[in-house]
Amino acid sequence: MRILDDLPKGSGLPPIFFTKKPMLSTGLLSFDYVSGGGYPIGDITEIYGESGSGKTASVLRSIAHAQEEGKYCAFIDMEHSFPASLAESSSIDSSRLFVLSPSCGEDAFSMMSELVRTDAIDLLALDSVTALISKDDLERRVSEQEDTVSSLLKRQLPEFLTLVKASNTAVVFINQVRSNMKRLGLPTKSTGGRMVKH
């Protein structure tokens with residue numbers, strides 16, 4: 001990735017990031033501008049922020065835009081609360097959107113892997129990383145959620161990322177930020193820590 005510095009003087013525009021990777025437009029002009037074209041195809045993009053900050057809404061708008069271009073999308077609903085009304089208001093064609101609700105983190109990665117292997121899905125969204133709890137931890141009702149998510153990602157993410165990088169699918173992980181009480185530095189961090197940054 002490189003930065004184009006030769007913007008017209010006085011334009012007031014931030015630097016543009018360019019990458020050699022093919023990109024999938026999000027349909028959001030400002031996002032496409034600063035990212036160099038949208039979501040990278042064959043890679044994972046993490047969208048994170050505070051609760052209610054519009055993360056899911058922006059991804060749904062991207063799905064609608066992809067559908068307008070004749071592309072196929074899938075939504076992994078880990079929260080089991082797919083916002084159907086928001087999807088409708090975003091002009092999503094529900095008959096052309098695969099919505100899956102896994103019961104645990106392992107099932108989520110299994111479903112995502114199968115979708116990526118088909119090479120028929122152009123945009124795959126996961127909502128959210130915070131809910132990626134393993135089957136064993138769910139049965140034991142583990143309270144330290146941050147550690148359980150990180151552990152699952154450590155086991156599942158490397159193999160999944162290898163599949164994604166060999167595919168034509170743009171993957172988006174929706175994540176939340178939480179207070180960082182354990183160390184100095186940024187006051188918040190996203191669930192899963194550095195593992196999501198692969």
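The model shown is predicted, which means the values in this text are computed figures rather than measured ones. (Residues numbered from 1 in each chain as written. Predicted model: local features only at pLDDT ≥ 70, side-chain atom pairs only at ≥ 80, totals over all residues. Heavy atoms only, no water.)

K.L.:
Give me the pattern of salt bridges: which residues, what numbers.
P.N.:
Enumeration over the complete set of coordinates arrives at six salt bridges. Where Asp 43 meets Lys 21, a salt bridge forms, and the shortest distance between an N and an O atom there is 2.3 Å. Of this pair, Asp 43 sits in strand β5 (residues 43-49) while Lys 21 sits in the loop between β2 (16-18) and β3 (23-24); the two residues are 22 residues apart in sequence, bridging distant segments of the chain. Residue Lys 21 is classed as partly exposed on the basis of its relative accessible area of 34%. (Salt bridge = Lys/Arg side-chain N within 4 Å of Asp/Glu carboxyl O. Helix = DSSP H or I, 4+ residues; strand = E, 2+ residues; numbered from the N terminus. Buried < 20%, exposed > 50% of the residue type's maximum accessible area, 1.4 Å probe, protein only.)

K.L.:
Provide a residue-level description of helix α2 (residues 55-68), including the pertinent values.
P.N.:
Residues that lie three or four places apart on an α-helix share one face, since the helix turns once every 3.6 residues. Here α2 spans 20 Å end to end across 14 residues, near enough to the 20 Å set by a 1.5 Å rise per residue. With ten of its 14 residues buried, α2 lies for the most part within the structure. After α2 finishes, the residue Gly 70 shows a positive phi value of roughly 80°. (Expected span 1.5 Å × (residues − 1).)

Any functional reading would require information that these geometric values do not contain.
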